[in-house]
Amino acid sequence: MIPKSMKAAVLTAFGAPEVVKIASRPAPKISGNQVLVRNIATSLNSGDVRIRSKNVPKGFKFLLSLVFGFKKPRKEVLGTVFAGEIVKTGADVTSFSVGDLVFGSTEMGMATHAEYVAIKDSKAIAPIPSGISPSDIASLVFGGSTAVYFLDKLKIEKGERILINAAAGSVGIALVQIAAVLGAEVTAVASAKNHAFLRANGSTHTVDYTTTDLTKLAPKFDVIADCLGTMPYKRHRHLLTKTGRFALISGTMGETLAAPFRNLFGSHAIIGGTSLATKKGLLELVKLIEDGTLRPVVDKEYPFKKITEAHGYVDRGHKRGNVVITF
Ligand SMILES: NC(=O)c1ccc[n+]([C@@H]2O[C@H](COP(=O)([O-])OP(=O)(O)OC[C@H]3O[C@@H](n4cnc5c(N)ncnc54)[C@H](OP(=O)(O)O)[C@@H]3O)[C@@H](O)[C@H]2O)c1
């Protein structure tokens, strides 16, 4: 039986973690081409806390406010990732049935920090592969999809040298795992407490950003992936080989706007953009999980009722991999 109401983590304002409050809301109603998923696990990602706090790279606050609201949040419930069981299907849905275990992402639709999630069957939703838990798959969607999006464009070849900044985070660790399997020589930037963990995940070299001047690293890299915005292209381009590629995963508006001009007039390729999960992308992710390339890294798992506490933890900016919320 599907209840009329559900518990949701409601964004009551923009600000500190305490603005997120669990409240009762109507359970979503589905249309003909949608399915209703009872959430078993979701993840709390850097994207969610960026929207909640409006703590975004320089130049992006106005754009974020345009989309998500200036004073009052337009999206009442955050969260993009879901993993759970289908409890209802619309009349036109043929690819899923009640009882299927599925995972995916609502992307800009958000609203997955709630007990029930509605999504069109043609969107980013796929079956959970057997042998993987809803928590583990929920942990892999955000960082994994982002890593796959950038690696598709970076076209890394065996033996190439890649430097990954903020390598111990959600996006960084997925990049480390996949790049290592592709045969790249991975240099991972993180604080010393994460170095053994990063080597265990495939890094050949580790660099401690708290004690090392990153502008002085040598020898040169074929690829730099900056997952945090603390290694701007302008100050680190000399670390790249003549035809090196720079993944602008997190950067200021200025860096983002300069990228097309730098691509036109410079010898380096700057690869930016926003990764949005798709059904095709999720199926690619499943392949990488099944062949052992991508492995879940769950730093902490919180019960849904402690989601405000989880926001506080992610806010600190030092999570290792992912934070999962279970229902
Ligand atoms: N372009 C896109 O489509 C896209 C998609 C997803 C995310 N993003 C962006 O990618 C960025 C990373 O996201 P995420 O989810 O991976 O973040 P995250 O998981 O919150 O990152 C946490 C990691 O950052 C590391 N860190 C903190 N300060 C650091 C510093 N000064 N230097 C190096 N590492 C540092 C921490 O390692 P230590 O504890 O060792 O310091 C920690 O492991 C975010 O800015 C997000 O907005 C972009």
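Undergrad: Can you lay out the nonpolar core for me, pointing to particular residues and giving the numbers?
TA: One finds Ile162, Ile164, Ala167, Leu175, Ile224, Ala225 and Ala247 to be the most contacted residues of the largest nonpolar core, which totals 94 residues. With 11 residues, the single largest contributor to this core is helix α3 (residues 134-154). Excluding residues within four positions of it along the chain, Ile224 makes contact with Leu163, Met231, His236, Leu239, Leu240, Phe246 and Ala247.

Undergrad: Go over the site of the ligand with me, naming the residues and quoting the values.
TA: Close to the ligand lie 29 residues; Ser46, Ala168, Gly169, Ser191 and Ser250 are nearest. Going through the elements one at a time, α1 (46-53), α3, α4 (170-181) and β9 (185-190) are the ones with two or more residues in the shell around the ligand. Two domains each donate at least three residues to the shell around the ligand, and these are domain 1 (5-128 + 297-326) and domain 2 (142-271).

Undergrad: I'd like a rundown of the pairing of strand β12 (residues 240-248), residues and numbers included.
TA: The sheet contact formed by strand β11 (residues 221-226) and β12 spans five bridges and is parallel. When the sheet's bridge partners are listed, Ile224 is paired in β12 with Phe246. As judged from the three bridges shared by β12 and strand β13 (residues 269-271), these two strands associate in the parallel manner. What sits directly across from Ala247, in β13, is Ile271. As a crossover connection, the stretch from β12 through helix α7 (residues 253-265) into β13 is right-handed.

Undergrad: Give me α1: which residues, what numbers.
TA: An α-helical segment advances 3.6 residues per turn. Residues three or four places apart therefore align on the same side. Summarising burial for α1: six of the eight residues are buried, a large majority. Within α1, the full set of buried residues consists of Ser46, Gly47, Asp48, Val49, Ile51 and Arg52. The first or second residue beyond α1 is Lys54, which carries a positive phi of 55 degrees.

Undergrad: Which residues make up the packing of α3 against α4, and what are the values?
TA: Across the interface, α3 lies against α4 with an axial gap of 8 Å and an inter-helix angle of 55 degrees. As summarised for this structure, α3 and α4 are arranged oblique, according to the angle between their axes. Here α3 runs over α4; the crossing is right-handed. In this structure, α3 contributes Phe142, Gly143, Gly144, Thr146, Ala147 and Leu151 to the contact, and α4 contributes Ser170, Val171, Ile173, Ala174, Leu175 and Ile178. Here the contact of α3 with α4 is composed, by residue class, of eight nonpolar, four polar and no charged.

Undergrad: Give me the lowdown on the sheet that holds β9, citing residues and values where you can.
TA: Reading across from one edge, β10-β9-β8-β11-β12-β13 is the order of the six strands in this open sheet, with parallel pairing throughout. Of all strands in the sheet, those bounded by a partner on one side alone are β10 (205-208) and β13. Strand-to-strand twist in this sheet, taken as the mean axis angle between neighbours without regard to direction, amounts to 15 degrees. Inspection of the sheet shows strand β8 (residues 161-165) paired to β11 by four bridges, in the parallel sense. Note that in β11 the partner of Ile164 across the bridge is Ala225. Contacts between α7 and the sheet are confined to β12 and β13, with β13 contributing the most and set at about 145 degrees to the helix.

Undergrad: Just give me the short version of the environment of Glu309, but keep the residues and values in it.
TA: With respect to the secondary-structure elements, Glu309 resides in helix α9 (residues 307-315). Residue classification places Glu309 among the partly exposed positions, given that 13 C-beta atoms sit within 10 Å. Separated by 192 residues in sequence, Glu309 and Val117 place their C-alpha atoms 22 Å apart.

Undergrad: Lay out unusual backbone geometry in plain terms, naming residues and giving numbers.
TA: Residue Ala218 is joined to Pro219 through a cis peptide bond whose omega torsion reads -5 degrees. Along the chain, Pro219 falls in the loop between β10 and β11. Even without being a glycine, Met110 presents a positive backbone phi close to 50 degrees. In this structure, Met110 sits in the loop between β5 (101-105) and β6 (116-120). Positive phi is not limited to glycine here, since Lys155 has a value of about 45 degrees.

Undergrad: I'd like a description of the pairing of β5, backed by residues and values.
TA: For β5, a buried count of four out of five residues is recorded, marking the element as mostly surrounded by other parts of the structure. Of the strand pairs in this sheet, strand β4 (residues 81-89) and β5 are connected by five bridges, and their pairing is antiparallel. The residue bridging Ala83 from the neighbouring strand is Phe103, located in β5. Bridge count for β5 against strand β7 (residues 125-127) is three bridges, and the pairing is antiparallel. When the sheet's bridge partners are listed, Phe103 is paired in β7 with Ala126.

Undergrad: Give me the lowdown on the environment of Met253, citing residues and values where you can.
TA: Within the element layout of this structure, Met253 appears in helix α7. Along the primary structure Met253 and Leu63 are separated by 190 residues, whereas in three dimensions their C-alpha atoms are 9.9 Å apart. In this view, Met253 contacts Lys58, Gly59 and Phe60; residues no more than four positions away in its chain are not counted.

What counts, and at which threshold
- Residues numbered from 1 in each chain as written.
- Predicted model: local features only at pLDDT ≥ 70, side-chain atom pairs only at ≥ 80, totals over all residues.
- Core = buried A, V, L, I, M, F, W, Y, C linked by C-beta atoms within 7 Å.
- Buried ≥ 20, exposed ≤ 12 C-beta atoms within 10 Å, placed from the backbone.
- Helix = DSSP H or I, 4+ residues; strand = E, 2+ residues; numbered from the N terminus.
- Contact = placed C-beta atoms within 7 Å.
- Near = placed C-beta within 6 Å.
- Domains from an automatic or database assignment.
- Pairing = 2+ DSSP bridges.
- Right-handed = clockwise from strand over helix to strand, strands pointing away.
- Axes fitted to C-alpha atoms, helices over the stretch in contact; angles between N-to-C directions.
- Parallel < 35°, antiparallel > 145°, perpendicular 65-115°, else oblique.
- Left-handed = near helix turned anticlockwise from the far one by under 90°.
- Nonpolar A, V, L, I, M, F, W, Y, C, P; charged D, E, K, R; others polar.

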